[in-house]
Amino acid sequence: MVTPTAVHLQTLVLLCFVVSPSRPVCVDIPSETDAVLGKSMKLTCISCIKRDEIKSKTHVDWYYMPDKEKDTQSNKTHIYKYDVNSAVESDGPFKGRLAWNGSQDLQDVSIRIINVTYNDRGIYECIVYRQFEFDSFKPSVSLTKKIKLTVKAKATGDAAALYSQIMMYVLLVCLTFWLLVEMVYCYRKISKSDEQALDTALFTSALDLQLYQNHFILHLVGPDKRLKCGSIVTGLPWR
């Protein structure tokens, strides 16, 4: 027989350690715009697919436009492309300094600049083209994002970001501690209720047994306080 304590303990174990598998969630986040001289820099470009069970062909192009001065036109240069499961760098100043930093499902189509220089300042354009595959028709959709990159000699600490990270870790620790306290409290409460129920059952059984014994003795002795053993030994009726 499974006791209530065992059932509750199994429930707590399932809640704590059993995690159902789930698909990764796509979140469209903006790209960082401040690069550090000589370091690597990720240019984030997110293009979420609302229904990832639909098959699609994805083509990605990256362009670079240097900072333009007044009354001058900035030239757009093709620097990188991703097509048919292969990434290709274009010839130019970025040759050998670009790396694919996207995801396997092509919802993240980011690239990374290696060894950033001051000449990398400017506007980067990410163009994502998707063609969905249906039985009767093949619709397409395109997305364009622009990132204005600045290059600094040294990394500058962001006090707000640091404070947010500290608060996040403190909150995680507090939530974990609170969860442990709740688990211990629930376990003790369940154990105490089971002990009380057991004590009540034992007390009731003992009381019933005592009443039965008293009734049996009173019936056996009789009102004249003489032991009526004849019926027990001989099987004769009570007198």
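This is a predicted model, so every value here is computed, not measured.

Asks: Could you give an account of the overall build of the protein chain, naming the residues involved and the relevant values?
Replies: Along the protein chain, the regular secondary structure elements total three helices and nine strands. Listed N to C, the secondary structure of the protein chain is α-β-β-β-β-β-β-β-β-β-α-α in terms of helices and strands. Taking all 239 residues of the protein chain together, 21% fall into the buried category. Within the protein chain, contacts between residues at least 6 apart in sequence are counted, and of these 54% link residues at least 24 apart. Surface exposure of the protein chain reaches about 18,300 Å², of which carbon and sulfur atoms provide 61%.

Asks: Break down the sheet that holds strand β8 (residues 122–132) for me, with residues and values.
Replies: Taking strand neighbours across the sheet as the criterion, the six strands line up as β1-β9-β8-β3-β4-β5 in an open arrangement whose pairing is mixed. Each end of this open sheet is capped by a strand with a single partner; those strands are β1 (34–36) and β5 (86–89). If you compare each strand with its neighbour and ignore which way they point, the axes differ by 25° on average. Of the pairings in the sheet, the one linking strand β4 (residues 77–83) to β5 comprises four bridges and is antiparallel in character. Pairing of K81 across the sheet is with V88, part of β5.

Asks: Outline unusual backbone geometry, supporting the account with residue identities and numerical values.
Replies: In this model, L106 sits at a positive phi of 60°, which is unusual for a non-glycine residue. Of note, N115 is a non-glycine position whose phi angle comes to about 55°, a positive value. Along the chain, the position of N115 falls in the loop between β7 (111–113) and β8. You can call N115 partly exposed: its relative accessible area is 42%.

Cut-off values and rules
Residues numbered from 1 in each chain as written. Predicted model: local features only at pLDDT ≥ 70, side-chain atom pairs only at ≥ 80, totals over all residues. Heavy atoms only, no water. Helix = DSSP H or I, 4+ residues; strand = E, 2+ residues; numbered from the N terminus. Buried < 20%, exposed > 50% of the residue type's maximum accessible area, 1.4 Å probe, protein only. Contact = heavy atoms within 4.5 Å. Areas by Shrake-Rupley, 256 points an atom, 1.4 Å probe, with all protein chains shown as cover. Pairing = 2+ DSSP bridges. Axes fitted to C-alpha atoms, helices over the stretch in contact; angles between N-to-C directions.

It is worth stressing that arrangement in space is one thing and function is another; only the former is reported here.
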